[in-house]
Amino acid sequence: MNRKRRRQAEEYDTKAEEIDLIKRYSPHIIEREVTYLNDGAFSRVYQYNSKDNVNVAVKILLDVSRKCFFRETSICKAFGVHGIGPKVFKCLRRNDKGLIFMERLQKGPTDCRIVLQNIKLISNFGLFMVDIKPSCIYGNKLIDFSSEWMTLKPKTCPCLDQVCFPGCSCNYMHLKKASFVLMCIILMVMCITFKKMIQ
């Protein structure tokens, strides 16, 4: 029991420290309190509303190297610019933690054609999204570009390490097409699985 309480106290201290980091480096004036949303395998997510009425999600990457942080933030920013993912407001790294301040997306109606276009764009960038599932889709945008699949670097072309958006210029289109088809298959299987789980 004492071990459980100690772990809870440590978690509370860690979250308080992360909320302080968010308040200190936020690009917005925070109107309401910063609240904890959820934990991922390699990250923790918080949210707040700004005074200029912007819903902000803050993804904190835990124990992330400078190289992985740069790769993930450059991809998140590019996806935000191209409308594939949420708009990114600010990125910084402090005490081996990476902070990404981004638009907090709301669940809404989904246009499958736009989602497929976004998946095709991901494959055209030379990337492969391993963990693609219905919970990654908010409206027509995709979220949860985790450092796990960035670190493993499942890639469809050899120039990913020097990737320059809006896409690489190598001649590996057949691999990119295969990547697109495979991501669509994974998404369909995940959709069927989730539907059966709900029923």
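One can find the structure itself at the top, above this paragraph.
Presented here is a report on the structure given in the accompanying data block. Note that the coordinates shown come from a computational prediction; the quantities given were computed from them, not determined experimentally.

The next point concerns the overall build of the protein. Within the protein, the regular secondary structure consists of five helices and seven strands. When the helices and strands of the protein are read in sequence order from the N terminus, they spell out α-β-β-β-α-β-β-α-β-β-α-α. Every one of the 199 residues in the protein was classed for burial, and the buried ones make up 38%. Long-range contacts, defined as pairs at least 24 residues apart, comprise 59% of the intrachain contacts of the protein with a sequence gap of at least 6. For the protein, the exposed surface amounts to about 11800 Å²; the carbon and sulfur share of it is 55%.

Tracing the sequence through the fold places glutamate 18 in helix α1 (residues 2-25). Setting aside chain neighbours within four positions, we find glutamate 18 in contact with Arg44, Tyr46, Ile60, Leu62 and Lys97.

Taken together, Val181, Leu182, Ile185, Met188 and Val189 make up a surface patch of nonpolar side chains, about 440 Å² in accessible area. Counting through the fold element by element, valine 181 comes out in helix α5 (residues 173-198).

Here we take up the layout of surface pockets. Gaps left between atoms are located by rolling a probe of water-molecule size over the structure's atoms. When its volume is computed, the second largest pocket comes out at roughly 220 Å³. Every residue lining the second largest pocket is listed: Lys107, Gly108, Thr110, Cys112, Val115, Leu116, Pro134, Ile137, Gly139, Cys184, Leu187 and Met188. Of all the secondary-structure elements, those providing two or more residues to the lining of the second largest pocket are α3 (112-124) and α5.

About the thresholds
- Counting starts from 1 at the beginning of each chain's written sequence and moves along it residue by residue.
- Predicted model: local features are reported for residues with pLDDT of at least 70 only, side-chain atom pairs are reported and counted for 80 or more only, and whole-chain, interface and lining totals are derived from all residues.
- Side-chain descriptors were evaluated using all non-hydrogen atoms of the structure, hydrogens and water having been removed beforehand.
- Secondary structure is summarised from DSSP: a helix means a run of H or I of at least four residues, a strand means a run of E of at least two, and numbering begins at the N terminus for each.
- Between buried and exposed lies partly exposed: a residue is buried under 20% and exposed over 50% of the maximum accessible area for its type, with that area taken using a 1.4 Å probe on protein chains only.
- Throughout, a residue-residue contact means that at least one pair of heavy atoms, one from each residue, lies within 4.5 Å.
- Where accessible areas are quoted, they stem from the Shrake-Rupley method and a 1.4 Å probe; at the residue level, only the protein chains shown are allowed to cover.
- Like-charged residues within 9 Å of one another, or nonpolar side chains (Val, Leu, Ile, Met, Phe, Trp, Tyr) within 5 Å, are grouped into patches, provided each residue has over 30% relative accessible area and no salt bridge.
- Here, a salt bridge means any side-chain nitrogen of Lys or Arg that lies within 4 Å of a carboxyl oxygen of Asp or Glu.
- Think of a 1 Å grid over just the protein atoms. A cavity is a set of points where a 1.4 Å probe fits yet cannot get out, a pocket is an open set with protein on both sides within 12 Å along at least five of seven lines, and lining residues have an atom within 4 Å of a point.
- Grid points are joined across faces, edges and corners, and a volume is the space filled by probe spheres set on the points.

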